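# A closer look at the structure
The residues making up each chain are set out below.
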Amino acid sequence: EVQLQASGGGLAQAGGSLRLRCSASGFIFDEYAIGWFRQAPGKEREGILCIKNGESFPYYPYPDSMKGRFTISSDNAKAMVYLQMNGLKPEDTAVYYCAATPDCSSWSSDDYWGQGTEVTVSS
């Protein structure tokens, strides 16, 4: 019933841009936070940005390598969340996921996760 689907990934060159999309259904959209996450080969899953009630929050620790390059936004009427990625770097190569969580303070595997979309950034 609860479904989230990430899309918009693909191949980009260093310095390029991508806009990822997360479509949601099966739950009351505005009662949840929606977060963007990624997992690179051989690395742990990490949080990027979260949005609730139109306000964005970074997930801890939000390293300097991410700052200033990513923007999260939402369209509640369409039950959609976006991740604008600019100034892409090879280290951004990963599978990107969106998830619905109670709030933006934390996340876990018990939350609602969608299928990921692959992002590959070449040098």
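It should be noted that the structure appears before, not after, this text.
Residues numbered from 1 in each chain as written. Predicted model: local features only at pLDDT ≥ 70, side-chain atom pairs only at ≥ 80, totals over all residues. Heavy atoms only, no water.

Helix and strand counts for the protein chain come out as 0 helices and 11 strands. For the protein chain, the sequential pattern of α-helices and β-strands runs β-β-β-β-β-β-β-β-β-β-β. For 123 residues, the compact-globule estimate of 2.2 N^0.38 gives 14 Å, and the protein chain sits close to it at 13 Å. Principal-axis analysis of the C-alpha atoms places the extent of the protein chain at approximately 40 × 25 × 25 Å. Partitioning the intrachain contacts of the protein chain with sequence separation of at least 6 by distance along the chain shows that 56% fall at a separation of at least 24. Of the roughly 6,600 Å² of accessible surface on the protein chain, a fraction of 45% belongs to carbon and sulfur atoms. For the protein chain, the distance from the average site of its 10 positive side-chain charges to the average site of its 14 negative ones is 8 Å. (Helix = DSSP H or I, 4+ residues; strand = E, 2+ residues; numbered from the N terminus. Rg over C-alpha atoms; globule rule 2.2 N^0.38 Å. Contact = heavy atoms within 4.5 Å. Areas by Shrake-Rupley, 256 points an atom, 1.4 Å probe, with all protein chains shown as cover. Lys, Arg positive; Asp, Glu negative; His and termini not counted. Charge placed at Lys NZ, Arg CZ, Asp CG, Glu CD.)

With respect to topology, 4 strands assemble into an open sheet ordered β1-β3-β8-β7, the strand pairing being antiparallel. A single partner strand is all that each edge strand has here, and the edge strands are β1 (3-7) and β7 (70-75). Between one strand axis and the next, the sheet turns through 15° on average, direction left out of account. Looking at chain direction, β1 and strand β3 (residues 18-25) are connected through 5 bridges and run antiparallel. When the sheet's bridge partners are listed, Gln5 is paired in β3 with Ser23. (Pairing = 2+ DSSP bridges. Axes fitted to C-alpha atoms, helices over the stretch in contact; angles between N-to-C directions.)

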